[in-house]
Number of protein chains: 2
Amino acid sequence: MIVKMVQINTSPEEKKYKIELQYQGTNYRGWQIQPHQVTIQETVSNALSRLAGIRIPVTGAGRTDSGVHAIQQVAHFHFPDKESVPDLKRALNAVLPWDIRVVDLAEVPGSFHARKSALKKRYDYRFYTGEVFPPFLHNLALHLNHGFRLKPAEKAASYLDGTHDFSAFTGAGSSVEDRVRTVSFSGFIKKGSDLTYRIEANGFLLYMVRNIVGTLIDVGCGRIEASDIPSILASLDRNQAGPTAPPQGLYLARIWYEDISIKS
Amino acid sequence: MIVKMVQINTSPEEKKYKIELQYQGTNYRGWQIQPHQVTIQETVSNALSRLAGIRIPVTGAGRTDSGVHAIQQVAHFHFPDKESVPDLKRALNAVLPWDIRVVDLAEVPGSFHARKSALKKRYDYRFYTGEVFPPFLHNLALHLNHGFRLKPAEKAASYLDGTHDFSAFTGAGSSVEDRVRTVSFSGFIKKGSDLTYRIEANGFLLYMVRNIVGTLIDVGCGRIEASDIPSILASLDRNQAGPTAPPQGLYLARIWYEDISIKS
């Protein structure tokens, strides 16, 4: 659905909202609006625009790649003050397709910005380590069973904790100049055959999590030593790290903000 | 893929195998082979036939309806003695589509029969009771959030325990004469917003679990009293029970057999 821009409404009858979304990214070309592609940002913006009768742009906390999921993505938008928050949430879930859900909606102060106000983000990368991959995890996890050893991968993950220049783990095409990020958690969570790699940081570079995961898999499979991680980090060279892990195991899982006063 | 019947191999070079399957039923018209429909039984039979070079019929422990899943379905078949069990399992998983997986494969004595040797079966019906249905459970659970109360549904479920004539809970078209079954477990398992109704019995009638689940939902939503269940059972009348619950929450979860000597 294409909604033409008929009016940029900046009237005082507008309010600013923070939205928490959950989505399965399989059927989308990622978050970010792109010409001739179905994206999550566009789908949410179109749904809001349809309800408002005017074009409603949506600003996300960060991009997710094609095929990547979100347990919690956050965005903000301005919307005409014509419906209660519960009504708007319900209407939005009725208009959105099944694979994008509004988990929470709240009015926020004008100073709130989904990306700029974010303090920290969590990504989870989900593996299944059993012999036979359950059909119920199709597109939702990566199968990892060919001689992967958790111990060295855990050791490797621990080296990423702290403040580092993550140039070695970012996409070659990235134009971001400051590639220093502070990682406050980097580790694995195992529960039976389900294995999750979790990383929390104050910011993430393009492909950073998938490049880290690809490198950790290489370590677990014995292609790189865990003790190589510090020199890979220090090299600032993308070619020193492992391959980019596929998108279907990756979830944007949580975003932290300073306490914001929410009127509702 | 259609495999023509070229030979019924009953030579002594054949062995009998028990196969444990896991499947997501969404894309299939149930287990049972039907003309002009893609079914699980046909898909498994075709995969085995392709590997054997002759037609391999497959006998399942029981039918599952269109859209119903299996965590553990069991079947048996005869197969030429030309591959080791691990090789056959691997080859089969390579040939089968992602939504049907071979979890286990073992050689069994000639007396084993997937349906007739089964002592007991378990079905799980999976609900999500939170406000917003997670996209990751699409086609894998039923959303239950409009005033459903667990307490009365639990009470209702407990009345099904024991030996009863389940005529009131079987499809009108069922031709089975003996409708007495012994239920050894009937209850709910709650874990956060995930709720599972579990039933174990020595046998199940057509649509029995889905009709029971539809009735339990009616009780939880206050449309029937839990204390009505005994008279519904006694009526032997399908019209007294609730509607048939949709298939996507239902899983054939486990099948019990007497200890069988497995050569491998």
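For the structure itself, look to the data block above.
None of the values given here were measured: they were computed from a predicted structure.

## Here we look at the interface of chain B and chain A
Next up, step 1: The interface is formed by 23 residues belonging to chain B together with 23 residues belonging to chain A.
Next up, step 2: Of the roughly 1,600 Å² buried at the junction of chain B and chain A (both faces included), carbon and sulfur atoms supply 71%.
Next up, step 3: If you sort the residues of chain B by the area they bury against chain A, Val 132, Pro 135 and Phe 136 of chain B come out on top, with a joint share of 39%.
Next up, step 4: Counting every contact that joins chain B to chain A gives 2 salt bridges.
Next up, step 5: Its salt-bridge partner being Lys 89 of chain A, residue Glu 131 of chain B comes within 2.9 Å of it at the nearest N-O pair.
Next up, step 6: Our count for the chain B to chain A interface comes out at 2 residue pairs in polar contact (both at pLDDT 80 or more).

## Regarding the layout of surface pockets
Next up, step 1: Put simply, the largest pocket is a space of about 1,600 Å³.
Next up, step 2: Taken together, 36 residues make up the lining of the largest pocket; nearest its centre are Arg 126 and Asp 194 of chain A together with Arg 126, Leu 137 and Asp 194 of chain B.
Next up, step 3: Of all elements in the fold, only strand 5 (118-128), strand 8 (180-191) and strand 9 (194-201) of chain A together with strand 5 (118-128), strand 8 (180-191) and strand 9 (194-201) of chain B reach the threshold of two or more residues within the lining of the largest pocket.
Next up, step 4: Broken down by class, the residue content of the lining of the largest pocket amounts to 18 nonpolar, 6 polar and 12 charged.
Next up, step 5: Considering only enclosed or pocket space, the second largest pocket measures out at about 970 Å³ in volume.
Next up, step 6: What lines the second largest pocket is a set of 35 residues, among which Gly 62, Arg 63, Phe 204, Leu 205 and Leu 206 of chain B lie closest to the centre.
Next up, step 7: Where the lining of the second largest pocket is concerned, the elements lending two or more residues are strand 2 (59-60), strand 5 and helix 4 (208-220) of chain B.
Next up, step 8: Split by residue class, the lining of the second largest pocket holds 14 nonpolar, 14 polar and 7 charged.

Analysis parameters
Residues numbered from 1 in each chain as written. Chains lettered and ligands numbered in written order. Predicted model: local features only at pLDDT ≥ 70, side-chain atom pairs only at ≥ 80, totals over all residues. Heavy atoms only, no water. Contact = heavy atoms within 4.5 Å. Buried area = accessible area lost by both parts, 1.4 Å probe. Salt bridge = Lys/Arg side-chain N within 4 Å of Asp/Glu carboxyl O. Polar contact = N/O pair within 3.5 Å; in protein donor to acceptor, adjacent residues only side chain to side chain. 1 Å grid on protein atoms, 1.4 Å probe; cavity = no way out; pocket = protein on both sides within 12 Å on 5 of 7 lines; lining within 4 Å. Points joined across faces, edges and corners; volume = space filled by probe spheres on them. Helix = DSSP H or I, 4+ residues; strand = E, 2+ residues; numbered from the N terminus. Nonpolar A, V, L, I, M, F, W, Y, C, P; charged D, E, K, R; others polar.

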